[in-house]
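Geometric and topological summary
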Amino acid sequence: MPAFIRFSKRLCIALLFTSGAAQAQQLTIVHANVVDVATGNIRPDMTVVIAGKHIARVSPSARVNPKVGKVVDATGQYLIPGLWDMHTHVYFDGTAAAGTDLILPLLLANGITGIRDMGSELDSILKARADIAAHRRLGPRLVVSGPMLDGPKSPYKASIAIATPEDGRQAVDRLKARGVDFIKVQSLVPREAYFAIAAEAKKVGLALDGHVPDAVRATEALTAGQRSFEHLIGIFEASSTAEDAYVAGQEKSPGRLLATYNAPREAAIIRVLAAHPQVWQCPTLYWERGQWLVDSIAWGQDPDLTYAGHSWVAQRWPKAQASIIRTMDTEPLPVRARFVTHELDLVRKLHAAHVGFLAGTDTPAGVDLIPGASLHLELQRFVAAGFTPLEALQTATLNPAKFFKRQADFGSVQAGRLADLVLLSANPLTDIANTQRIVGVLADGQYLSQPDLQQLRQRLQQVAAGK
């Protein structure tokens, strides 16, 4: 693509970001159905007044006669807290070049007003966090780990290789000095290094999130203070009669985990997790299905494919698909499909035991993980696992606020909260797919109307074609 065309597209998006529609302002939303995501109650015909970056007032519309600023008529529409994707990789390896101009604005265009980034190139993610907070760029608010801590032979560029406990301590200290929000660990971190990382993170005041490393048991990760388990890793192993062998380095696979599954062991780890309400599960169910069934996914028919980077579709996804298939050649598709069903069943049991869940997608690291769109599909997977639409919605709204201990800032539509909101044309509590029916987005007080969103999406399709 000629350089002047690339520049023109970036300029068009920048102009939209700095337009009057996107600036923090006095805004009044009238006649909205306000969804209480804690109780499932819907307050009809409400007015929500936004002053700057915060919700100033929520009251019946009949009591308010807005005289200042912009007024949005939300008759027949539903107002929910802004959505969070709690597992993203904005500046990750082969997709990092799309982070600024495509991934971040695309998340926001899909109603994602906050993300927990679980592994990105450090300088890029820190700059994005600062630019978005200062309203120099449109995107969701960012809670970031910087690069992941992984083993000495990590396959990922957006990671720090850890071979020894001292490597782990130094990495934590360096990341703390740069201002990351938490530490992310990967599967290949050596056993003793993991415990050193956990201790150092606690010492310097950083939370520890991520995979339960292969060399560590789930119960040990709980004792070490790990705050979240990603992809249900550690729980499958704890539910297996071969847990000791897996910790010792035996290769894992869906077929082996199913063959060694033990119901009493599963019940025991579920009881232990339920006794640790401060530890949350981020199962990335949509990607788990996509990963294990990658050879049966018709991603070329994805209706959101025009928002995927051209190089992802033409090169990255086919290569990843072929690579994953090669590593699963001993596991027939029916076995992997049974494992996906087993995952949903595990989530159902954990949920019944009141273990907390977060919605996350792993976007855009995997095949057919389109930023923003994937989060809505993740909520549908929660419903497939037995959650009510309200409970699924909570995994992307109220639960992230609880996880971060920031319920006073977001996760509900109440006075004093940050103005991170999404306006829908249909009720998400009757059908979770209605979270996709977005007619307006408020992010840190910046309002994008339906025409603004349409214009933004059109520009992002053009950007995607050049990525």
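Scope of this entry: the structure provided in the associated data block. (Residues numbered from 1 in each chain as written. Predicted model: local features only at pLDDT ≥ 70, side-chain atom pairs only at ≥ 80, totals over all residues. Heavy atoms only, no water.)

Considerations on the sheet that holds strand β7 (residues 112-117)
Read from one edge of the open sheet, 3 strands run β6-β7-β8, paired in parallel fashion. For this open sheet the edge positions go to β6 (83-88) and β8 (141-144), each flanked by a neighbour on one side alone. Each adjacent strand pair in this sheet contributes to an overall mean axis angle of 20°, direction not counted. As paired strands, β7 and β8 are joined by 4 bridges and run parallel to one another. Of the residues in β8, the one forming a bridge with Gly114 is Arg141. Where helix α2 (residues 99-109) meets the sheet, it contacts β7 and β8, and its direction lies at approximately 130° from that of β7. (Pairing = 2+ DSSP bridges. Helix = DSSP H or I, 4+ residues; strand = E, 2+ residues; numbered from the N terminus. Axes fitted to C-alpha atoms, helices over the stretch in contact; angles between N-to-C directions. Contact = heavy atoms within 4.5 Å.)

Topic: the layout of surface pockets
Here the largest pocket is characterised by a volume of approximately 1,700 Å³. Taken together, 50 residues line the largest pocket, and the ones lying closest to its centre are Tyr156, Ser187, His211, Gln291 and Trp292. Of all elements in the fold, only β9 (148-150), α7 (235-238), α8 (243-247), α9 (254-259), α11 (285-292), α12 (310-327) and α13 (333-352) reach the threshold of two or more residues within the lining of the largest pocket. Per element, the largest residue contribution to the lining of the largest pocket is 6 residues, and it comes from α12. Of the residues assigned to the lining of the largest pocket, the class counts are 22 nonpolar, 15 polar and 13 charged. (1 Å grid on protein atoms, 1.4 Å probe; cavity = no way out; pocket = protein on both sides within 12 Å on 5 of 7 lines; lining within 4 Å. Points joined across faces, edges and corners; volume = space filled by probe spheres on them. Nonpolar A, V, L, I, M, F, W, Y, C, P; charged D, E, K, R; others polar.)

Examining the nonpolar core
Residues Leu149, Ile183, Ile197, Phe229 and Leu350 are the most contacted members of the largest nonpolar core, which totals 111 residues. Setting aside anything within four residues of it in sequence, one finds Ile197 in contact with Leu149, Ile162, Gly168, Val172, Ile183, Val185, Val189 and Leu208. Of all hydrophobic cores here, the second largest spans 19 residues; its members include Ala32, Ile50, Val413 and Leu423. (Core = buried A, V, L, I, M, F, W, Y, C linked by side-chain atoms within 4.5 Å. Buried < 20%, exposed > 50% of the residue type's maximum accessible area, 1.4 Å probe, protein only.)

Quick word on empty space enclosed by the protein
Counting across every chain of the model gives 2 cavities of 30 Å³ or more. Of the volumes computed, that of the largest cavity is approximately 60 Å³. Around the largest cavity sit 13 residues that line it, and Pro213, Asp214, Val216, Glu237 and Lys252 are the ones nearest its centre. Here the lining of the largest cavity takes 3 residues from α8, the largest share from any one element. Split by residue class, the lining of the largest cavity holds 7 nonpolar, 1 polar and 5 charged.

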